[in-house]
Amino acid sequence: MGQPGHAVVIGGGIGGLTAAVALHQRGLRVSVLERARSLEPVGAAISLAPNSLRALDVIGLGDEIRDLAAWSGDGGLRSPKGRWLSRSSAEAAARRFGGPLVLLHRATLIERLAALLPAGAVRTDAAATLVDSGGPGRAARVATADGELEADLVVGADGIRSAVRGTLFPHHPGAVYSGWTTWRVVIPVPGARFTSHETWGPGRIWGTHPLKDGRVYAYAGATTPAGGRAPDDEKSELLRLFGDWHDPIPAVLAAVRPEDVLRHDVHHIADPLPAYHHGRVALLGDAAHAMTPSLGQGGNQAIEDAVVLAHHCDELAAYTAARRPRTTAIARQAVKVSRLSLMSSRTGLAVRDTAMRLLSPAGPALFLRGFDGIADWRPPQTGAVCSEQTPAGNG
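These figures come from a predicted structure and were not determined experimentally.

Conventions and cut-offs
- Residues numbered from 1 in each chain as written.
- Predicted model: local features only at pLDDT ≥ 70, side-chain atom pairs only at ≥ 80, totals over all residues.
- Heavy atoms only, no water.
- Helix = DSSP H or I, 4+ residues; strand = E, 2+ residues; numbered from the N terminus.
- Rg over C-alpha atoms; globule rule 2.2 N^0.38 Å.
- Buried < 20%, exposed > 50% of the residue type's maximum accessible area, 1.4 Å probe, protein only.
- Contact = heavy atoms within 4.5 Å.
- Areas by Shrake-Rupley, 256 points an atom, 1.4 Å probe, with all protein chains shown as cover.
- Lys, Arg positive; Asp, Glu negative; His and termini not counted.
- Charge placed at Lys NZ, Arg CZ, Asp CG, Glu CD.
- Pairing = 2+ DSSP bridges.
- Axes fitted to C-alpha atoms, helices over the stretch in contact; angles between N-to-C directions.
- Expected span 1.5 Å × (residues − 1).
- Phe/Tyr/Trp six-rings, centres within 6.5 Å; stacked < 30°, edge-to-face > 60°.
- Lys NZ or Arg CZ within 6 Å of the ring centre and 35° of its normal.
- Salt bridge = Lys/Arg side-chain N within 4 Å of Asp/Glu carboxyl O.
- Left-handed = near helix turned anticlockwise from the far one by under 90°.
- Nonpolar A, V, L, I, M, F, W, Y, C, P; charged D, E, K, R; others polar.

Engineer: What should I look at first to understand the overall build of the protein in this one?
Structural biologist: Along the backbone of the protein there are 13 helices and 18 strands. Scaling as 2.2 N^0.38, a compact globule of 395 residues should have a C-alpha radius of gyration of about 21 Å, and the protein matches this with 21 Å. For the protein, the spread of C-alpha atoms along the principal axes amounts to about 65 × 45 × 40 Å. Sorting the 395 residues of the protein into buried and exposed places 55% on the buried side. Contacts in the protein between residues far apart in sequence, at least 24 positions, make up 75% of those at least 6 positions apart. A total accessible area of about 16300 Å² is found for the protein, and carbon and sulfur atoms account for 52% of it. Mean positive and mean negative side-chain charge positions of the protein (41 and 37 charges, respectively) differ by 7 Å.

See below:
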């Protein structure tokens with residue numbers, strides 16, 4: 001194995017690129033292998049809470065991302081008729097968690113992360129297969145179309161259907177359907193003026209947020225059988241489900257073209273993995289702990305994983321110990337929030353909405369209380385560079 005140590009990252013999404021940057025800054029030579037033909041992400045926008053922004057501070061990117069963001073925490077929860085159930089503000093978020101909640105396009109974050117890597121570190125159109133997870137005194141091996149690569153560390157950042165996870169833990173059931181599907185759009189909506197919000201209705205949710213470039217990010221969710229598709233097109237489906245909800249939802253839908261809409265069923269890992277590493281291989285992000293988007297923490301936790309992995313790159317068992325309990329708890333909390341937000345019982349809805357209206361004036365909005373123990377996380381202090389030959393750790 002060469003000098004300095006070599007890390008191979010399988011997957012060029014937000015978590016994989018953050019890990020590559022953090023490992024590069026710890027002294028490792030990094031190779032990012034992305035099977036897609038470009039780094040342009042599938043998806044729309046990403047919300048970043050103070051926890052992931054602090055993680056980005058570790059690699060020197062936090063302030064730049066904060067400056068790029070349009071939304072800084074103002075908003076709250078509404079009913080389909082527009083009544084505010086719970087409200088919050090950027091100032092309240094900053095006081096509670098020591099920083100803002102922000103929103104930006106995923107492509108912007110991907111671009112900024114990739115710019116921090118050496119030329120040639122990222123290879124697109126480069127499918128990769130884990131051949132050997134390695135062990136004490138033995139490198140891990142990754143197969144590509146151009147031959148095998150040896151690595152002191154392999155990072156499995158290959159998403160919710162992770163092949164790396166399947167190789168490490170072949171008997172694990174993997175991700176399962178959560179019971180609901182999502183739609184997302186990022187579009188210009190001329191003249192739209194609104195406060196960021198999420199709206200909870202019977203078995204449905206909608207969110208609308210402005211981006212700094214003038215576009216609007218909107219997302220929706222609804223309980224539905226897996227694999228469903230609209231009989232005509234997904235814009236028509238959104239109109240059927242949300243067309244009579246409060247402003248600015250009708251204006252956003254009027255600006256949507258059918259081809260603008262992304263629809264994906266929501267899957268999550270319900271049965272936690274026994275570990276996030278094996279041999280010289282570590283998993284992060286959706287590959288390790290795919291969660292429902294109810295807390296907006298999927299990408300945030302991948303960013304946390306990345307900097308913690310770089311901190312523990314010499315002892316992967318310590319990485320598992322640091323990340324598995326936290327991400328498991330957050331994933332379970334996200335499931336609880338999705339059940340609450342997608343409730344369909346008429347009685348349950350009345351009790352839920354009344355409770356939110358009554359509780360919100362008495363203290364921090366429900367919107368913020370849901371981030372207690374999450375957004376106040378702080379990254380470990382990075383020490384010396386990774387050793388030239390990364391120990392495999394336990395597993």
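Engineer: Help me understand the environment of Pro231, please; the structure alone is not making it clear to me.
Structural biologist: Along the chain, the position of Pro231 falls in the loop between strand E15 (215-223) and helix H7 (234-242). For the pair Pro231 and Leu117, spaced 114 residues apart in sequence, the C-alpha to C-alpha distance is 44 Å. Among all residues touching Pro231, those that are not within four sequence positions of it are Glu237 and Arg240.

Engineer: Before we go on, may I ask you to explain the sheet that holds strand E10 (residues 147-151) in this structure?
Structural biologist: Adjacent strands of a sheet pair through backbone hydrogen bonds, lying either parallel or antiparallel. The strand order across the open sheet formed by three strands is E8-E9-E10, and the pairing between neighbours is antiparallel. In the strand order of this sheet, the two ends are held by strand E8 (128-132) and E10, each with one partner. Adjacent strand axes in the sheet meet at a mean angle of 30°, parallel and antiparallel pairs treated alike.

Engineer: Which parts of the structure should I look at to understand helix H1 (residues 14-25)?
Structural biologist: Residues that lie three or four places apart on an α-helix share one face, since the helix turns once every 3.6 residues. Taking 1.5 Å of rise per residue, the 12 residues of H1 would be expected to cover 16 Å, and the 17 Å separating its terminal C-alpha atoms lies within 8% of that figure. Counted residue by residue, H1 has 10 buried out of 12 residues, so it is predominantly covered. Ile14, Gly15, Gly16, Leu17, Thr18, Ala19, Ala20, Val21, Ala22 and Leu23 are the residues of H1 that are buried.

Engineer: How should the packing of aromatic side chains be read in this particular structure?
Structural biologist: In this description, an aromatic ring pair is defined by two values, namely the gap between the centres and the angle between the planes. For the structure on display, the rule yields three aromatic pairs. Each ring, one from Tyr217 and one from Tyr219, has its centre 5.6 Å from the other, and the planes form 45°; the classification is tilted. Overall, the relative accessible area of 17% leaves Tyr219 in the buried class. Among the aromatic residues, those joined into a cluster by ring pairs are Trp206, Phe242 and Trp245. Sitting over the ring of Trp84, Arg87 keeps its end group 4.0 Å from the ring centre.

Engineer: For this particular structure, what's the right way to read the pattern of salt bridges?
Structural biologist: When the charged atoms of two side chains lie near each other, side chains of opposite charge can form a pair. This structure, assessed with the given rule, holds 17 salt bridges. Taking the shortest distance from any N to any O, the salt bridge between Arg323 and Asp305 comes out at 2.6 Å. Remark: Asp305 occurs in helix H10 (residues 298-311) and Arg323 occurs in helix H11 (residues 316-341); sequence separation between them is 18 residues. For Asp305, a relative accessible area of 0% corresponds to the buried category.

Engineer: Could you clarify how one ought to interpret the environment of Ile330 in this entry?
Structural biologist: Following the sequence through the fold, Ile330 ends up in helix H11. Ile330 sits 41 residues away from His289 along the chain, and the two C-alpha atoms are 9.6 Å apart. Each residue touching Ile330, except ones within four places of it in the same chain, is listed here: Met291, Leu295, Gln297, Gln301 and Ile374.

Engineer: Just checking my understanding: could you explain the packing of helix H2 (residues 50-58) against H10 for this structure?
Structural biologist: For any two helices packed against each other, one specifies the crossing angle of their axes together with the interaxial distance. The interhelical angle for the contact between H2 and H10, taken along N-to-C directions, is 35°, at an axis separation of 9 Å. Helix-helix and strand crossings are classified by hand; for H2 and H10 the assignment is left-handed. Taken together, the residues of H10 that come into contact with H2 (itself represented by Asn51, Ser52, Ala55, Leu56 and Val58) are Asn300, Gln301, Ile303, Glu304 and Val307. Class assignment for the residues of the contact of H2 with H10 results in five nonpolar, four polar and one charged.

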